[in-house]
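Structural characterization, general
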Amino acid sequence: MDAVLGVLSFIGHAIEAVLNYVESHHWVFGLLALGYVFYLHDRALHARFDELDKRLDEVRKRLALEY
């Protein structure tokens, strides 16, 4: 039983150490989250421009066929 309690105590201390690290270094995780938001925004913006380019190419092809 002492071994089980020792393992549970070790797990508890490990969780506490991780939470203390996150609490004292929360700005690092904030910067990572902010960077990820900008990455997603950039991807969405490029996807919109790519779709617009496809539409323009299609219009140009249709106009070229008419002449």
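A brief structural summary. Since we're looking at a predicted model, the values are computed, not measured.

Here the focus is the overall build of the protein. Scanning the protein for helices and strands turns up two helices and zero strands. Per-residue burial over the protein gives 0% buried out of 67 residues. As displayed, the protein offers around 6500 Å² of accessible surface, 68% of which is attributable to carbon and sulfur atoms.

For the rest of this paragraph, the subject is the pattern of salt bridges. Overall, the coordinates contain two salt bridges when judged by the stated rule. For the salt bridge of Glu58 with Arg62, the shortest nitrogen-to-oxygen distance reads 2.7 Å. In this pair, Glu58 and Arg62 are both assigned in helix H2 (residues 26–66), four residues apart and thus about one turn of the helix distant. By relative accessible area, which is 53% here, Arg62 ends up exposed.

A few words on the environment of Leu65. Take Leu65: it is sitting in helix H2. Residue Leu65 is classed as exposed on the basis of its relative accessible area, which comes to 72%. Remark: the alpha-carbon pair of Leu65 and Phe29, spanning 36 residues in sequence, is separated by 54 Å.

Calculation rules
Residues numbered from 1 in each chain as written. Predicted model: local features only at pLDDT ≥ 70, side-chain atom pairs only at ≥ 80, totals over all residues. Heavy atoms only, no water. Helix = DSSP H or I, 4+ residues; strand = E, 2+ residues; numbered from the N terminus. Buried < 20%, exposed > 50% of the residue type's maximum accessible area, 1.4 Å probe, protein only. Areas by Shrake-Rupley, 256 points an atom, 1.4 Å probe, with all protein chains shown as cover. Salt bridge = Lys/Arg side-chain N within 4 Å of Asp/Glu carboxyl O.

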